[in-house]
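# Observations on chain architecture
For reference, the chains in residue letters:
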Amino acid sequence: MATSSRKAGRRIRVLLPLPLESAYDYRLPPELAAGPGSFVEVPLGGRVSLGVVWDAPENPGDPSGPIAESRLREVIAVKPAPAMHANLRKLVDWVAAYTLSPPGAVLRMAMSSPSALEEPTAVSGWRRVAGAESRITPDRARALETLGSHILPGTEIARAAGVSMGVVRGMASVGLIEPALMARAAAFPRPIPDFAPPDLRDEQQLAANALREGVISRAFGVTLLEGVTGSGKTEVYLDAVAQCLREGRQALVLLPEIALSTQWLSRFERRFGAPPALWHSELSSRTRRVTWRAVAEGDAPVLVGARSALFLPFPDLGLIIVDEEHETAFKQEDGVIYHARDMAVVRARLEAAACVLVSATPSLETVTNAQEGRYAHVTLPNRHHGAALPRIAALDLRQHPPERGRFLAPPLIEAVTETLARGEQAMLFLNRRGYAPLTLCRTCGHRMQCPNCTAWLVEHRAQRRLQCHHCGHTEPTPLACVECGTEHSLVPIGPGVERIQEEVSELFPEARRLVMASDTIPGPAAAAEAARRIEEREVDLVIGTQIVAKGWHFPHLTLVGVVDADLGLAGGDLRAGERTMQLLHQVAGRAGREGGTPGTVLLQTFSPEHPVMLALVADDMAGFLRAEAAQRAPGHWPPFGRLAALIVSSEDPRSAERAARDLGLAAPAGSGIQVLGPAPAPLALLRGRHRHRLLLKAERGLRVQPILEDWLARAQIPRDVRVQVDVDPVGFL
Ligand code: ADP
Ligand code: ZN
């Protein structure tokens, strides 16, 4: 024991990518060189873990006292990878503190490709042996000419020279070529800022100049770029990306649905002559490794990604774009619960970078920040080429009821008929997958419900199955009611896109139809193919869920019918109106994007007098947001106050309820603070866990984190109960 206390080396802190409360102490042996940010291998229990050398705490004095010198374990190795920059380490700490997550859980998001920490293996190829000229055949001559003075892999020589691999091997055996290590090619070619820029219109140029200046200043600043769909927002922010490239800094573009963004990607390539690097959950592990490493080494000048891209190791980030900033897809709802739009602003501040939030329908949060002067605000009020905005009308379902058992009202059917007769395309939007959201027994009234969730099972008729959209539970659609046993008594209630497609196939049997939903368009390839078919007019009628709302550009589409415009309003949460308005506006924006053909949008609704419908019809988003603000401000609802939710869950219903009640009893009190609940969550059962919710509301000047920390410290949470903290909640289920 005594001998080990005199080991050499210094004490360092290492943060591990595990849900631990803090960094652990280790000894760095003198023969290893590592500083803050170095990636290291350390022993942990009986195994080896990766970690990052972390900064010394600002106020040392661990309550449990530092671990004794003699018990310190040694760092095993330092990984051959660029150290994690101080800015990213600060972001990890910041996000952890803000979301009340263990720092290691946040670090894990920044270490999303552990294999990228290894030295990339050099690739071997072949080069010409100087002076060797014997036994040259025509094939070999061609191959040697192709090779020239380069080093190329054998397969590449064979392909480019049009010879077989046998020829290449033969050349090696007679000594015409010899193996050589290739310089590692840049994984991502540099996009060229001036490859094919558009001629920006006056108002676009003004907006672009404002963003450019933000990039040139190399200082933190946030700008809201607001403009109707088709006004050229993308062209304008790509101009800022070009400026960032000229500055030699990296640019990050966050898109809410990267897998559906094929049109965006080909447009980028046309504009810059090279594709951007990509980051999302569907990448192969090899692509992840190469991309992560390229980012860390500064070799990925522009990266386009989903929210997780925010935690990539950019050494010199100059610009972050958040496109469709209002999208709820930017909120991560499990693990570390964070909002990528808000954390993008934080990262930009840490990096002294420009941040641009882009939307046709910005969130009330962002608009308020702009109005109060925290964000700059540039607008593009007109569509490019003066294309008219679509004419939006509400279609009152009380006056124009669909036929019994049908969902399309006569005026909508008529509009589709006319559109198709003109040879144009129409789209029917319904934000519901499957055939019917509810299956009911006509005889006994039994409703088919998920065994694990408080949710009806959704019928997917094509697969003859019922499916839970929360937990993925599926079962074959029964022939007889599971409750009363009556055969052929189960009936579908309400429509999903499959049912609309069925109705349309009877109404317009000649029309070529395409259903776009996450189950029919599972990935980027399918999305690209669907977009191609629509663009090339192989499709007359598109029936889709919210995936059709995403930034598509369909030049021949002139009619959009919204089957159930009231759908999103039912939930009644804080932002139900705002979100419905944003979604429907975005769907409406798909209509009539080509100059000359004005689009028409029909909203089927039972409440045409609802503020959301009035705002859409009058094209008055600003007025709608003013009314929203006037409603939220007095009660200190966001963005005029702060919210944090506690979600208490357990497999044991009584444990969950008791823990929620105890948390309710320990609730903080004080001026400017209010606690709502506990109450059973709307999704009272989810994936087999019983759930209760509490909501902390605080006035704007208060910080909720210390209040939450105190609160959680006062309550006794049994081991079988989980309490999730959701700061700035977006969903309330
Ligand atoms: P938004 O992002 O606001 O929806 P986009 O940037 O996608 O708008 O522009 C809509 C369409 O108009 C795109 O096809 C785009 O390439 C084109 N466009 C916009 N501005 C210009 C311009 N100045 N010159 C040429 N084409 C433009
Ligand atoms: Zn379920």
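Everything here concerns the structure above.
All values derive from a computational prediction rather than experimental measurement.

### As for empty space enclosed by the protein
Per the stated rule, a full pass over the model turns up two cavities of 30 Å³ or more. The space that makes up the largest cavity amounts to roughly 40 Å³. When residues of the lining of the largest cavity are traced back to their parent elements, those giving at least two are helix H1 (86-99) and helix H10 (340-351). Of the residues belonging to the lining of the largest cavity, the class tally is five nonpolar, two polar and three charged. Of the voids in this model, the second largest cavity is the one considered here, and its volume is about 30 Å³. Lining the second largest cavity are Phe39, Pro82, Ala83, Met84, His85, Trp292, Ala296 and Pro313. Here the residues of the lining of the second largest cavity are counted per class, giving seven nonpolar, one polar and no charged. Each of two domains, domain 1 (2-86) and domain 3 (202-385), supplies a minimum of three residues to the lining of the second largest cavity.

### Some details on the pairing of strand S11 (residues 302-305)
Here S11 shows a buried face lined by Val302 and Val304 and a second buried face lined by Leu303 and Gly305. When strand S9 (residues 250-254) meets S11, the two strands line up parallel, connected through four bridges. When the sheet's bridge partners are listed, valine 253 is paired in S11 with valine 304. Here three bridges tie strand S10 (residues 277-279) to S11, and the two strands are oriented parallel to one another. Of the residues in S11, the one forming a bridge with leucine 278 is valine 304. One crossover worth recording links S10 to the parallel S11 by way of helix H9 (residues 285-296), and it is right-handed.

### Structural notes on the coordination of the zinc ion (ligand 2)
Coordination sphere of the zinc ion (ligand 2), protein contribution only: Cys450 (SG), Cys453 (SG), Cys468 (SG) and Cys471 (SG), at 2.3 to 2.4 Å. Between the four donor atoms coordinating the zinc ion (ligand 2), the angles at the centre fall across 104 to 115 degrees, so the site counts as tetrahedral. The sequence motif formed by the donor residues of the zinc ion (ligand 2) is C-x2-C-x14-C-x2-C. Taken together, the positions of cysteine 453 in the loop between strand S17 (438-441) and strand S18 (458-460) and cysteine 468 in the loop between strand S19 (465-467) and strand S20 (474-476) put the pair 15 residues apart, joining distant regions of the chain. Owing to a relative accessible area of 0%, cysteine 453 belongs among the buried residues under this scheme.

### Some details on the nonpolar core
Counting 117 residues, the largest nonpolar core has Leu252, Leu303, Phe311, Met516 and Leu708 as the members making the most contacts within it. Leave out the neighbours within four places in its chain, and leucine 708 touches Leu100, Ala644, Leu646, Leu696, Val725 and Val727.

### A word on the packing of aromatic side chains
All told, the structure shown has six aromatic pairs when counted by the stated rule. Seen in terms of ring centroids, phenylalanine 39 and tryptophan 292 are 5.9 Å apart; in terms of plane orientation they differ by 70 degrees. Their pairing is edge-to-face. Remark: tryptophan 292 occurs in helix H9 and phenylalanine 39 occurs in strand S3 (residues 39-44); sequence separation between them is 253 residues. Since its relative accessible area comes to 1%, tryptophan 292 is described here as buried. Centre to centre, the rings of tryptophan 552 and phenylalanine 554 are 5.7 Å apart; their planes meet at 15 degrees, and the pair counts as stacked. Across the pair, exposure class does not vary: tryptophan 552 and phenylalanine 554 are buried alike. By way of ring pairs, the aromatic residues Trp264, Phe268 and Phe272 are connected into one cluster. One Lys or Arg, arginine 271, reaches over the ring of phenylalanine 272 and ends 4.5 Å from the middle of that ring. If you follow lysine 697 out to its NZ or CZ, it ends over the ring of tryptophan 637, 4.5 Å from the centre.

### Details of the site of ligand 1
Within the structure, ligand 1 sits among 15 residues, and Asp199, Gly230, Thr234, Glu235 and Arg267 are positioned closest to it. Glycine 232 is positioned with one of its backbone polar atoms (N or O) 2.9 Å from an oxygen atom of ligand 1. A distance of 2.7 Å is found between an oxygen atom of ligand 1 and a side-chain nitrogen or oxygen belonging to arginine 267. Expressed as a share of its isolated accessible area of 550 Å², the protein-covered part of ligand 1 is 79%. Here the element with the most residues in the shell around ligand 1 is helix H7 (residues 233-246); it accounts for three residues.

### Quick look at the sheet that holds strand S22 (residues 513-516)
Taken together, the six strands give an open sheet; going across it, the order is S15-S25-S24-S16-S23-S22, and neighbouring strands pair in parallel fashion. A single partner strand is all that each edge strand has here, and the edge strands are strand S15 (391-396) and S22. When the angles between neighbouring strand axes are averaged without regard to direction, this sheet yields 20 degrees. In terms of strand pairing, strand S24 (residues 557-562) meets strand S25 (residues 600-605) through four bridges, oriented parallel. What sits directly across from leucine 559, in S25, is threonine 600. Sitting on the sheet, helix H14 (residues 524-535) is in contact with strand S16 (425-429), S22 and strand S23 (541-544), with an inclination near 145 degrees to S22. In the packing of helix H15 (residues 576-588) onto the sheet, contacts are made with S15, S16, S24 and S25, and the angle to S16 comes to roughly 165 degrees.

Procedures and definitions
- Residues numbered from 1 in each chain as written.
- Chains lettered and ligands numbered in written order.
- Predicted model: local features only at pLDDT ≥ 70, side-chain atom pairs only at ≥ 80, totals over all residues.
- Heavy atoms only, no water.
- 1 Å grid on protein atoms, 1.4 Å probe; cavity = no way out; pocket = protein on both sides within 12 Å on 5 of 7 lines; lining within 4 Å.
- Points joined across faces, edges and corners; volume = space filled by probe spheres on them.
- Helix = DSSP H or I, 4+ residues; strand = E, 2+ residues; numbered from the N terminus.
- Nonpolar A, V, L, I, M, F, W, Y, C, P; charged D, E, K, R; others polar.
- Domains from an automatic or database assignment.
- Buried < 20%, exposed > 50% of the residue type's maximum accessible area, 1.4 Å probe, protein only.
- Pairing = 2+ DSSP bridges.
- Right-handed = clockwise from strand over helix to strand, strands pointing away.
- Donors = N, O, S within 2.8 Å, 3.2 Å for Na, K, Ca; no water.
- Tetrahedral: all angles 85-135°; square planar, octahedral: opposite > 155°, others 65-115°.
- Core = buried A, V, L, I, M, F, W, Y, C linked by side-chain atoms within 4.5 Å.
- Contact = heavy atoms within 4.5 Å.
- Phe/Tyr/Trp six-rings, centres within 6.5 Å; stacked < 30°, edge-to-face > 60°.
- Lys NZ or Arg CZ within 6 Å of the ring centre and 35° of its normal.
- Near = heavy atom within 4 Å.
- Polar contact = N/O pair within 3.5 Å; in protein donor to acceptor, adjacent residues only side chain to side chain.
- Areas by Shrake-Rupley, 256 points an atom, 1.4 Å probe, with all protein chains shown as cover.
- Axes fitted to C-alpha atoms, helices over the stretch in contact; angles between N-to-C directions.

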